[in-house]
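# Understanding the architecture of this molecule
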Amino acid sequence: MSPEAQATAGEAHGSLARAEETRPACCPYYHEAVELIGRRWTGAIVAVLMDGGPLRFSEISHAVPELSDRLLSERMKELEARGVVTRHVDPGPPVKVLYELTDMGQSLEPALQELKSWARRWLRAETQRAARKL
């Protein structure tokens, strides 16, 4: 390759590299947060705990009726491991286990409120449009 061609190729590569630097990229923290809270049933569990305060396993289960006990248990362990939920055991008798949002979990409140508002505005309208078509 001639020196002129190499220079042109180098300039083109430099332009490509600069263009890639300016492209929007997904923030890894945002992505992780969406993956955590966006897992099936997790948002509903967090919302129930936010609205109801400390709750027993059975109370959470009743508040999210289609959620199986196995999956609820799995999600609660995940949320506890990530620091979103804390588990309190009262030795009783009888033994009583309560789940409560940590400060980290409580800090999700503004985001969940915005999501609720968005859902009421857009998803309700979509449901109403679909019902009118029937």
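Since the model is a prediction, treat every value here as computed from it, not as a measurement.

What counts as what
Residues numbered from 1 in each chain as written. Predicted model: local features only at pLDDT ≥ 70, side-chain atom pairs only at ≥ 80, totals over all residues. Heavy atoms only, no water. Buried < 20%, exposed > 50% of the residue type's maximum accessible area, 1.4 Å probe, protein only. Helix = DSSP H or I, 4+ residues; strand = E, 2+ residues; numbered from the N terminus. Pairing = 2+ DSSP bridges. Core = buried A, V, L, I, M, F, W, Y, C linked by side-chain atoms within 4.5 Å. Contact = heavy atoms within 4.5 Å. Salt bridge = Lys/Arg side-chain N within 4 Å of Asp/Glu carboxyl O. Axes fitted to C-alpha atoms, helices over the stretch in contact; angles between N-to-C directions. Expected span 1.5 Å × (residues − 1). Arc of directions from axis to C-beta.

### A closer look at the pairing of strand S3 (residues 96-101)
Across the two faces of S3 the burial differs, with Val97, Tyr99 and Leu101 buried and Lys96, Leu98 and Glu100 not buried at all. Across two bridges, the pairing between strand S1 (residues 55-56) and S3 is antiparallel. Within the sheet, the bridge partner assigned to Arg56 lies in S3 and is Leu98. In terms of strand pairing, strand S2 (residues 85-90) meets S3 through six bridges, oriented antiparallel. Considered in S3, the bridge of Thr86 is made with Glu100. Linking S2 to S3, which pair antiparallel, is a turn of five residues; within it Gly92 sits at a positive phi near 75°.

### Remarks on the nonpolar core
One finds Ile45, Val46, Leu49, Ile60, Met76 and Val85 to be the most contacted residues of the largest nonpolar core, which totals 21 residues. Sorting the residues of this core by element identifies helix H2 (28-37), helix H3 (42-52), helix H5 (69-81) and S3 as the ones contributing at least two each. In terms of residue count, the dominant contributor to this core is H3 (five residues). Apart from residues no more than four positions distant in its own chain, Ile60 is found in contact with Ile45, Leu49, Leu55, Leu72, Met76 and Tyr99.

### Structural notes on H3
Turning to H3, its buried residues number three or more, namely Thr42, Ile45, Val46, Ala47, Val48, Leu49 and Met50. Following H3 by one or two positions, Gly53 has its phi on the positive side, about 75°.

### Description of the pattern of salt bridges
All chains considered together, the criterion is met by six salt bridges. Linked by salt bridges that have partners in common, Arg39, Arg70, Glu74, Arg75 and Glu78 make up one network.

### Digging into the sheet that holds S1
Taking strand neighbours across the sheet as the criterion, the three strands line up as S1-S3-S2 in an open arrangement whose pairing is antiparallel. Pairing within the sheet leaves two strands with one partner each, and these edge strands are S1 and S2. Packing against the sheet, H3 makes contact with S1, S2 and S3, and its axis sits at approximately 100° to S3.

### Points about unusual backbone geometry
Leaving glycine aside, a negative phi is the common case for residues, and trans is the common case for peptide bonds. The omega torsion of the bond from Gly92 to Pro93 falls at 10°, within 30 degrees of zero and hence cis. Note on placement: Pro93 falls in the loop between S2 and S3. In this structure, Pro94 follows Pro93 across a cis peptide bond, with omega equal to -15°. For Trp41, which is not glycine, the phi torsion reads 75° and is therefore positive.

### What about H5?
The first and last C-alpha atoms of H5 sit 18 Å apart over 13 residues, in line with the 18 Å expected at 1.5 Å per residue. Burial in H5 covers these residues: Leu71, Leu72, Arg75, Met76 and Leu79. The buried residues of H5 all sit within an arc of 135° when viewed along its axis, so they share a single face. Opposite the buried face of H5, at more than 90 degrees from it, the exposed residues are Arg70, Lys77 and Ala81. If you follow the buried residues of H5, they end up packed against H2, H3, helix H4 (57-63), S2 and S3.

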